[in-house]
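Residues per chain are reported as follows:
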Amino acid sequence: MRERDLVGRAGRFVVEGEVTLRLLLGPRSRFRAESLLLAPERLPGLAGALRDCQAPIFVAEKPVMSAVTGFPIHRGVLAIGLRGEEPSPAAIVPAAPAPALVLALAGLTNHDNVGACFRNAAAFGADAVLLDATTCDPLYRKAIRVSAGAALVTPFARLEPETDWLALAESLSLEAVALSPGAGEELGARPLPSRALLIMGTEGPGLEAELLARARSLRIPMAGDFDSLNVATAAGIVLHALARAQGRLSPSVNSAP
């Protein structure tokens, strides 16, 4: 069975590797496991994580695992997760006047970039990730792996086609912040909002000019004439700035006597 059929039609997704399996089975997971397939040598190291697992656990040597799944199993750890009902944006964004940090992905079709954006969102304490109808699935196996499992624990919601980002931001009492190399405002020049919707567009075309004109557009200063960053890198820089402005980051610990 092709993974895209499993994800798109059966409400299931594939989790590969120990780190992501532990998150799927852990208390922070937004999903539950339907079944696990493990290499016998991985059982002892996972004994603690499997103690309360209610899903059936199958054990097979790696060549058998690879034949069953249709791709080479290197880590000897595989699980099928169940998606369940997807929440609405309003259900996962903190209500005003509480601080809010929400990452919005518009038109991202690369699973590596989506996974990396989720990892950044988790690292900087974002409350939620919103995805437009054209952004690829964060529960695709590769996206989960690149996210270091963040896609399993970070709340996210998919928008209906043609949803207006700015109207959505207004309905959720969020200030829309968008990135553009041509923006007049430099990141850090003015205070950042306490309730922010950070909108990231696909690499190359970027965000539409009409959206940039309506949102608060920022640019990241760079050396020389270089004005291009990977979308996940750019998202990480701005998420860090927003998280620091909102007091989301843990204070540094000075270990000196």
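The paragraphs below set out a description of the structure included in this document. (Residues numbered from 1 in each chain as written. Predicted model: local features only at pLDDT ≥ 70, side-chain atom pairs only at ≥ 80, totals over all residues. Heavy atoms only, no water.)

### Describing helix α2 (residues 18–25)
Quick note on the threshold: Any residue under 20% of the maximum accessible area for its type is buried, any over 50% is exposed, and the rest in between are partly exposed; the area is computed with a 1.4 Å probe on protein chains only. Counting from the N terminus, the helices are DSSP H or I runs at least four residues long and the strands are E runs at least two residues long. It is the directions from the helix axis to the C-beta atoms that the arc portrays. Note on contacts: a residue pair is in contact if any heavy atoms of the two residues lie within 4.5 Å.
Inspection of α2 places T20, L21, L23 and L24 among the buried residues, and these make up the whole buried set. Buried residues of α2, seen end-on, are gathered within an arc of 160° and therefore sit on one face of the element. For α2, the elements touching its buried residues are β1 (12–16), β2 (32–38), β4 (77–82), α7 (141–146) and α8 (150–153).

### Some details on the layout of surface pockets
Put simply, the rule is: The distinction between a cavity and a pocket rests on a 1 Å grid over the protein atoms alone: a 1.4 Å probe fits inside a cavity but cannot get out, while a pocket stays open yet meets protein on both sides within 12 Å along at least five of seven lines, and a residue with an atom within 4 Å of a point counts as lining. Grid points are joined across faces, edges and corners, and a volume is the space filled by probe spheres set on the points. Nonpolar residues are Ala, Val, Leu, Ile, Met, Phe, Trp, Tyr, Cys and Pro. Charged residues are Asp, Glu, Lys and Arg, and all others, Gly as well, are polar.
In this structure, the second largest pocket occupies an estimated 450 Å³ of space. Surrounding the second largest pocket, 21 residues form its lining, A106, D132, T163, W165 and E208 being those nearest its centre. Those elements that provide at least two residues to the lining of the second largest pocket are α9 (165–171) and α10 (209–214). With 3 residues, the single largest contributor to the lining of the second largest pocket is α10. Of the residues that constitute the lining of the second largest pocket, the class distribution is 8 nonpolar, 6 polar and 7 charged.

### Here's the deal with the pairing of strand β10 (residues 195–201)
Every other side chain in a regular strand lies on the same face of the sheet, so the side chains alternate between the two faces. Note the cut-off: The criterion for strand pairing is that DSSP finds at least two bridges linking the strands in question.
Of all 7 residues in β10, 7 are buried, a share of seventy percent or more. Here β10 shows two buried faces, one formed by R195, L197, I199 and G201 and the other by A196, L198 and M200. By the bridge criterion, 4 bridges tie strand β8 (residues 175–179) to β10 in an arrangement that is parallel. By the bridge assignment, A176 is partnered in β10 with L197.

Just geometry here; none of it tells us what the structure is for.
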